[in-house]
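Residues per chain are reported as follows:
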Amino acid sequence: MMNTILQILADNARLTNEQLAAMTGKTTVEVAQEIDRLQREGIIKGYKAIVDWDKTDRSLCLARIELKVTPKSGMGFDEIAGTIAQFDEVQEVYLMSGGYDLALEVAGKTFKDVALFVAHRLAPLESVQSTATHFVLKKYKEQGVVTVDTDQDMREVTF
Amino acid sequence: MDYSKILSSCVQQLKPSGIRKFFDLANAMEGVISLGVGEPDFRTPYAIRRAGIQSLEKGYTWYTANAGLAELREEIARYLHRRFDLNYESSQVLVTVGGSEAIDLCTRALINPGDEVLIPEPCFVAYDPIARLVGGVPVPLATRAEDQFKLTPEALRAAITPKTKMLVFPFPNNPTGAIMNRQDLEGIAEVLRETDIIVLSDEIYAELTYEGRHVSIASLPGMKERTVVVNGFSKAYAMTGWRLGYAVGPKEIMAQMLKLHQFAIMCAPTTSQYAAIEAMRSCDDEIQRMAIQFGMRRGLLVNSLNKMGLTCFDPQGAFYVFPSIKITGMTSEDFCEGLLRSQKVAVIPGSAFGESGEGYVRISYSYSVEHLVEALRRIETYLGELGVLPKE
């Protein structure tokens, strides 16, 4: 059985402890303790808003980058992945099965920013063999939330 | 032409829904958030939709047998056994256009002019007019918050006369969220076993109970022969728009219901029936998933409303809470109209569900948690304006 509080928070992290308590049949104290534990144990890593930046005046350019890298003996892919994760431009880093090794999401202000980051920062890293950069044109869904304008509630009021 | 002289006097005398005006008002306003709907917010699980689409691709676009697809009727019989311990032959299953049609058929098959139909209130709004249309006499049985809106054996016994033909038995209840557990049912069954009264058990919300499984009155000793069970796909599988329900009961009654169904409807929608087969075969987990979500929202609403002073008993079924608004001293209609005008939140006056619903409102929790949290915030603001918010 999955942790119910975790499940609710993964969906909506803004509920108060009291609301969570009402939803799960626990006391507010129990909820607070449980969340403390989840944070302490590093199960909950943080709480962030899901933002559609296209609707703001912030310019944002995203790219998915496929990297082929040479693993280090003894460290495998962890060392190079850890290094890459240090860059603020890098939003996500995954080790992948299949045709390449690491998948990144990189954010910059402009297309050029991202391209230069790849050319000047990523490509020169010693163990990086090759990069393939794919720019994001449009985001439809992020973290389970559909970001394109969704249908409104079409239900009629009924008895 | 004077249509009032032409139209059926019986139909003209039926009261139109008293809250139409109210919802016309709501629809004309911008930014209204509703807690009014009576259907799940979930989409029909995709496996079910897919089965409907596939049936269309295969070109299954004809009528089915009047009583419904044989395969579906078998699945329904299996489902009722699996989930509610009810034992019916598939030949006793009649597939209908929503639970609503089944209610209509059952009432018409049983009621002679002058027969009394006992209807626990507050309740779904269709039982009364359907009974009237066939010359039946609706007899409301008021249920009360202090009894958790359950029907008591005493109230039932007191209402029975030699003319009583049928008891409408709508649990889990819309709008109150009341349920009848096995012990409650024993009390009712005990009264009924001495009579020839037929129970129309509307169990459309049977899958949505939050503290223990729903028990069908037909599963009690001696009750099957005097009960028609109505159920459907709308609430359990989020299939309201597919219009598919069913009834099971004694074969003598079902035969008459089938006859009416043949003449009026021919058969339930074919596409929906194919989709429903898939629902019964593979979607028990989906039912569970939706019920868990409803359960959490219920907790959220009950807790928040009680804190605001809108006391509600703990509804144990369906997806409604039915809080008392008596602290405001307003009628339900005035409260709802005020809430709509002030905070643009639409809830339904309890009085729409019978006189005994006065002093309450129906709030549906068939909405996302975000939606509910915002609506609760607005309701609290409204109560603040009225000056009735309890001190912290």
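Each value, and the rule that gives it
- Residues numbered from 1 in each chain as written.
- Chains lettered and ligands numbered in written order.
- Predicted model: local features only at pLDDT ≥ 70, side-chain atom pairs only at ≥ 80, totals over all residues.
- Domains from an automatic or database assignment.
- Contact = placed C-beta atoms within 7 Å.
- Helix = DSSP H or I, 4+ residues; strand = E, 2+ residues; numbered from the N terminus.
- Nonpolar A, V, L, I, M, F, W, Y, C, P; charged D, E, K, R; others polar.
- Pairing = 2+ DSSP bridges.
- Buried ≥ 20, exposed ≤ 12 C-beta atoms within 10 Å, placed from the backbone.
- Core = buried A, V, L, I, M, F, W, Y, C linked by C-beta atoms within 7 Å.

Our next topic: the domain arrangement of chain B. Residues and elements named next belong to chain B. Taken domain by domain, chain B holds domain 1 (3–43 + 286–385) and domain 2 (46–283). Placing a centre on the C-alpha atoms of domain 1 and another on those of domain 2 gives a separation of 24 Å. Each side of the interface is counted separately: domain 1 has 33 residues, and domain 2 has 34 residues. Of all the secondary structure elements, the ones that give two or more residues to the side of domain 1 that touches domain 2 are α12 (284–308) and β9 (320–321). Looking at the side of domain 1 that touches domain 2 element by element, the count peaks at seven residues for α12. Across the side of domain 1 that touches domain 2, the residue classes tally to 17 nonpolar, ten polar and six charged.

Take the sheet that holds β9 of chain B next. Residue and element names in this part refer to chain B. The sheet built from three strands is open, its strands ordered β9-β12-β11 with antiparallel pairing. Of all strands in the sheet, those bounded by a partner on one side alone are β9 and β11 (348–349). Strand direction decides the pairing type here: β11 and strand β12 (residues 361–364), joined by two bridges, are antiparallel. Residue Pro 349 lies in a different strand from β12, and its bridge partner there is Val 361.

Take the pairing of strand β4 (residues 128–135) of chain A next. Regular strands place their side chains on alternate faces of the sheet. Residues and elements named next belong to chain A. Little of β4 sits inside the fold, with zero of its eight residues counted as buried. Two strands pair when backbone bridges link them, and strand β1 (residues 61–69) and β4 are joined in this way by seven bridges, in the antiparallel orientation. Its bridge partner lying in β4, Ile 65 is registered against Thr 133.

What follows concerns the interface of chain B and chain A. In this assembly, 15 residues from chain B lie in contact with eleven residues from chain A. Those elements giving two or more residues to the side of chain B that touches chain A turn out to be α12 and α14 (369–386) of chain B. Residue contributions to the side of chain B that touches chain A peak at four residues, all from α12 of chain B. When grouped by side-chain class, the residues that make up the side of chain B that touches chain A number eight nonpolar, five polar and two charged.

Within the largest apolar cluster, 129 residues are counted, with the highest numbers of intra-cluster contacts made by Cys 106, Leu 200 and Ala 247 of chain B. Looking at this core, the element that brings in the most residues is α12 of chain B, giving seven residues. Setting aside its immediate chain neighbours within four residues, Leu 200 of chain B contacts Ile 103, Cys 106, Thr 107, Met 166, Val 168, Phe 169, Val 228 and Val 230 of chain B. By size, the runner-up hydrophobic cluster in this structure holds 14 residues, among which are Ile 65, Val 69, Ile 80 and Val 93 of chain A.

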